[in-house]
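Coordinate analysis (summary)
What follows is the residue order along each chain.
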Amino acid sequence: MAINFSQFEQLSRHDKLKQFTSNLALRIAVHEAGHVLFALQHGRNASVKLPALEDTLRSTRFDMDAQTAFSARGLSDEALLDIVLGGFCAERAYLRMPSFSRGAHRAANDCLALISRLANPFVLAPGISIPVHRRPSSSLPLIVHQSARLQYAQHRLLLGDSDEANAIVLGIMNLPVARQTLRELNARRDELINIAGRLFQSWEANKFDVTDVSVTAA
């Protein structure tokens, strides 16, 4: 199960993708590292809860067990999207594959978590509801609109329509804020790998049982 990040860098793109998609612990560490990196950038401490890997491997909830918590108070919509989309963008930056679409459901989960766990005046205006049975209106505020599209994507996934769901997610990733998030992660890839390695090693040292890791902004 141990991952040598230096050796991983020497693999071909095909072998990287094969190892990445077959190793759930690696995927989770990289994904959460993306959230952490941008939380720190926006001056927020981050607390990562890594699940019991054995339970997650049996889960049917789209890898939802891992969580990165941070304070959303006072953050702009763009900063929130930066942090939230940082997870999926981290997977793409880590693999150096801009068109990477596998695991797009994790991006949908992140924005669903944004609505359900961080709902406050900065995120979701009172009285706005987001139906999942139809495509959302483009008149919704930025953060709510993009989250609604991802919520609809997850709805399509649950119906077995992964092609449409991935297309929606990749459409989100072509937004200017998401493209900027990915560009910055590519530029700070060494920092991303360092954070992912710290998360993975802490988890591994705890035998991949439930592990809490706190990262403090400078």
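Let us now look at the overall build of the chain. Tallying secondary structure elements over the chain gives 10 helices and 3 strands in all. For the chain, the succession of helices and strands along the chain, N to C, is α-α-α-β-α-β-α-α-α-α-α-α-β. Within the chain, the fraction of its 218 residues that count as buried is 53%. A total accessible area of about 10,400 Å² is found for the chain, and carbon and sulfur atoms account for 49% of it.

Taken N-terminus to C-terminus, the directions of helix H5 (residues 77-95) and helix H8 (residues 162-173) make an angle of 95°; their axes are 11 Å apart at the nearest point. If you check the angle between H5 and H8, you find them roughly perpendicular. On the side of H5, the interface is formed by Leu85, Phe88, Cys89 and Arg92, while H8 contributes Val169, Leu170, Ile172 and Met173. Considering only residue class, the contact of H5 with H8 consists of 7 nonpolar, no polar and 1 charged.

A word on the pattern of salt bridges. Applying the stated rule across the entire model yields 2 salt bridges. Among the salt bridges present, the one from Arg188 reaches Glu184, with a minimum N-O distance of 3.1 Å. Residue classification places Arg188 among the partly exposed residues on the basis of a relative accessible area of 21%. Classification of Glu184 as partly exposed rests on a relative accessible area of 22%. As a salt-bridge pair, Glu191 and Arg188 come within 3.0 Å of each other at their nearest N and O atoms. Through salt bridges with shared partners, a single network forms among Glu184, Arg188 and Glu191.

Calculation rules
Residues numbered from 1 in each chain as written. Predicted model: local features only at pLDDT ≥ 70, side-chain atom pairs only at ≥ 80, totals over all residues. Heavy atoms only, no water. Helix = DSSP H or I, 4+ residues; strand = E, 2+ residues; numbered from the N terminus. Buried < 20%, exposed > 50% of the residue type's maximum accessible area, 1.4 Å probe, protein only. Areas by Shrake-Rupley, 256 points an atom, 1.4 Å probe, with all protein chains shown as cover. Axes fitted to C-alpha atoms, helices over the stretch in contact; angles between N-to-C directions. Parallel < 35°, antiparallel > 145°, perpendicular 65-115°, else oblique. Contact = heavy atoms within 4.5 Å. Nonpolar A, V, L, I, M, F, W, Y, C, P; charged D, E, K, R; others polar. Salt bridge = Lys/Arg side-chain N within 4 Å of Asp/Glu carboxyl O.

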